[in-house]
Amino acid sequence: MSVYAQRRERLLQTIKDEGLDGLLVSNPINVTYLTGFSGEASYLLLTRDRTLLVSDGRFQVQIAEECPGLEAYIRTPKETTPDAAIEQLKATGVREIGCESAHLTVADFERFSEGLKTANWKPAGDRVEKLRQSKDETEIAQIREAIKIAERAFAMFRAMLKATDNEKELTDAMESYVRRAGGTETAFPTIVAVGPRAALPHAPPSLHAVSEHPLLLIDWGASGRFYKSDLTRILWTYNNVAFPAGKSPSDRVRTVHAVVREAQRRAIAAMRPGASSKAVDTIARGYIAEQGFGEFFNHGLGHGFGLQIHEAPFFRPTSDVTLQAGMVVTCEPGIYLPSEFGVRIEDDVLITPDGAEVLTHCPRELDECIVEL
């Protein structure tokens, strides 16, 4: 049995436990997770007796290649995908049907309800997402590869960095480096922030140049075929012309970086099966507050990722999830000092039965991140 069939079997058991006859999967990310199909505009119908991918002629050959053995209904150009799915659901005779309320629009839900008036629809937002929280070995392998791609791209970034580069040029360059390193694209829009702009956790790219300040924050990731990676590092750039007195980071930068690094270390040490995501967030947040920087850490400690760059579980004061082996998460504490600079260190972590395994290996200590331009 393929890994995709195994996932469908686990999902089928959950919908049986709910008393459902079937499930309409409309989120293309979830369709990919359950089938291996990389296209879009398709629905997966999962019932107690049948699994059917409803798609169109653009993907007929692709489905045969990517999803061998999976039954597919290829609609005609005269049909819409929702109408084709309605007719196929009618043919199954299902009466209790689940759907994805976090993805299906109100208009489409009304369309399905009108099309199957005899059916009882039960919306829910996270049936598949709960399965996706813990990654299997094939997923973890793909995440490891996405991390390697991102780290190869970062090595190119460091080697090619120039004092005259601006943030916009560097975000564009990272897209190229990721592709050259083997990725399909960056996992999200890269953040490159110079000096005071690093105090903006999600600074949009500007025309500010590296030469304006020696501190440079880079938040980037790579997409492999399906799975992603997510890292953040601080570089301290040195140039005899641009920063003749700044070869070594200032005491202020060293202090802040050390606090962020220790907060991350403590949080990762607490990540193990059975631990609370809220408690792990509190460990890092509490330490940063003890050091006098509590008001300057203004986001969650981390999040899960995989097929999407932000997935459950989330590490924040308002979310309390029990960690499980197989979860892959980020740990990214930060301190952001307005008009001065910001420091964030982000690593990717696998929760194992024995604790946390840090999957990312880019140098993170400040003295390892000094770059002479």
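What comes next is a walk through the structure. Keep in mind that this is a model prediction, so the values were computed, not measured.

### Overview of the overall build of the chain
Then step 1. The helix and strand inventory of the chain stands at 10 helices and 19 strands.
Then step 2. Counting only C-alpha atoms, the chain reaches 75 × 40 × 35 Å along its principal axes.
Then step 3. Sorting the 373 residues of the chain into buried and exposed places 54% on the buried side.
Then step 4. Pairs at least 24 apart in sequence give 66% of the contacts found in the chain among residues at least 6 apart.
Then step 5. Per element, the accessible surface of the chain, about 16000 Å² overall, is 52% carbon and sulfur.
Then step 6. Distance between charge centroids for the chain: 1 Å, based on 42 positive and 52 negative side chains.

### So, the packing of helix α9 (residues 251–269) against helix α10 (residues 277–290)
Then step 1. Where α9 contacts α10, the two axes come as close as 8 Å, and the packing angle between them is 155°. Classed by the angle they form, the pair α9 and α10 counts as roughly antiparallel. Pair α9 / α10 crosses with right-handed handedness. Here V259, E262, A263, R266 and A267 of α9 lie close against α10, whose contacting residues are V280, I283, A284, Y287 and I288.
Then step 2. Here the residues of the contact of α9 with α10 sort into 8 nonpolar, no polar and 2 charged.

### Examining unusual backbone geometry
Then step 1. The step from A312 to P313 runs through a cis peptide bond, and the omega angle for that step is 5°.
Then step 2. Its place among the elements puts P313 in strand β13 (residues 311–315).

### So, the packing of helix α4 (residues 81–92) against helix α5 (residues 106–115)
Then step 1. Two elements in contact, α4 and α5, have axes whose closest approach is 10 Å; the angle formed by their N-to-C orientations is 35°. Pair α4 / α5 crosses with right-handed handedness. Judged by residue contacts, P82, D83, A85, I86, L89 and K90 of α4 engage D108, R111, F112 and G115 from α5.
Then step 2. Broken down by class, the residue content of the contact of α4 with α5 amounts to 5 nonpolar, 1 polar and 4 charged.

### Concerning α10
Then step 1. A rise of 1.5 Å per residue sets the reference length of α10, with its 14 residues, at 20 Å; its end C-alpha atoms lie 20 Å apart and thus fit the reference within 8%.
Then step 2. Among all positions in α10, only S277, V280, D281, A284, R285, Y287 and I288 are buried. For α10, the angular spread of buried residues about the axis comes to 160°, placing them on one side.
Then step 3. Along its buried surface, α10 packs onto α9, β13 and β15 (334–337).
Then step 4. The distance from a side-chain oxygen at the start of α10 to the backbone nitrogen of K278 is 3.2 Å, and the residue carrying that oxygen is S276.
Then step 5. G292 occupies a position one or two residues after α10 and carries a positive phi of about 90°.

### Digging into the sheet that holds strand β19 (residues 370–372)
Then step 1. Pairing within the open sheet is mixed, and its 4 strands lie in the order β8-β9-β11-β19. The sheet is open, and its two edges are formed by β8 (191–194) and β19, each paired on a single side. Sheet twist, expressed as the mean angle between neighbouring strand axes with direction ignored, is 25°.
Then step 2. Sheet topology note: the strand β9 (residues 215–220)/strand β11 (residues 231–238) ladder contains 6 bridges and is antiparallel. In the strand pairing of β11, W220 is matched with L231.
Then step 3. Along the sheet, helix α8 (residues 167–180) contacts β8 and β9; its crossing angle with β8, the most-contacted strand, is approximately 150°.

### Description of the environment of V260
Then step 1. Examined against the element boundaries, V260 turns out to sit in helix α9.
Then step 2. In this structure V260 comes out as buried when scored by relative accessible area, which is 0%.
Then step 3. In contact with V260, not counting residues within four places along its chain, are P333, G334, I335, V343 and I345.

### A short note on helix α2 (residues 28–35)
Then step 1. By the criterion of burial, α2 is predominantly enclosed, with 6 of the 8 residues buried.
Then step 2. Regarding α2, the residues found buried are N30, V31, T32, Y33, L34 and T35.
Then step 3. Here α2 starts with a cap whose side-chain oxygen sits 2.9 Å from the backbone nitrogen of I29, and that cap is N27.
Then step 4. At the exit of α2 stands G36, carrying a positive phi of roughly 85°.

### A word on the pattern of salt bridges
Where side chains of opposite charge bring their charged atoms close, a pairing between them can arise.
Then step 1. Overall, the coordinates contain 29 salt bridges when judged by the stated rule.
Then step 2. Note that R50 and E71 form a salt bridge whose closest N and O atoms lie 2.7 Å from each other. In this pair, R50 sits in the loop between β2 (43–47) and β3 (51–56) while E71 sits in the loop between α3 (60–66) and β4 (72–75), placing the two residues 21 residues apart along the sequence.
Then step 3. What makes E71 partly exposed here is its relative accessible area of 36%.

### Looking at the sheet that holds β2
Then step 1. Here we have 6 strands laid out as an open sheet, ordered β4-β3-β2-β1-β5-β6, and mixed in their pairing. Sheet topology places β4 and β6 (120–124) at the edges, where each strand pairs with a single neighbour. Across the sheet, the mean angle from the axis of one strand to that of its neighbour is 20°, orientation sign disregarded.
Then step 2. As paired elements, strand β5 (residues 96–100) and β6 share 5 bridges and run parallel to each other.

Scoring rules and cut-offs
- Residues numbered from 1 in each chain as written.
- Predicted model: local features only at pLDDT ≥ 70, side-chain atom pairs only at ≥ 80, totals over all residues.
- Heavy atoms only, no water.
- Helix = DSSP H or I, 4+ residues; strand = E, 2+ residues; numbered from the N terminus.
- Buried < 20%, exposed > 50% of the residue type's maximum accessible area, 1.4 Å probe, protein only.
- Contact = heavy atoms within 4.5 Å.
- Areas by Shrake-Rupley, 256 points an atom, 1.4 Å probe, with all protein chains shown as cover.
- Lys, Arg positive; Asp, Glu negative; His and termini not counted.
- Charge placed at Lys NZ, Arg CZ, Asp CG, Glu CD.
- Axes fitted to C-alpha atoms, helices over the stretch in contact; angles between N-to-C directions.
- Parallel < 35°, antiparallel > 145°, perpendicular 65-115°, else oblique.
- Left-handed = near helix turned anticlockwise from the far one by under 90°.
- Nonpolar A, V, L, I, M, F, W, Y, C, P; charged D, E, K, R; others polar.
- Expected span 1.5 Å × (residues − 1).
- Arc of directions from axis to C-beta.
- Polar contact = N/O pair within 3.5 Å; in protein donor to acceptor, adjacent residues only side chain to side chain.
- Pairing = 2+ DSSP bridges.
- Salt bridge = Lys/Arg side-chain N within 4 Å of Asp/Glu carboxyl O.

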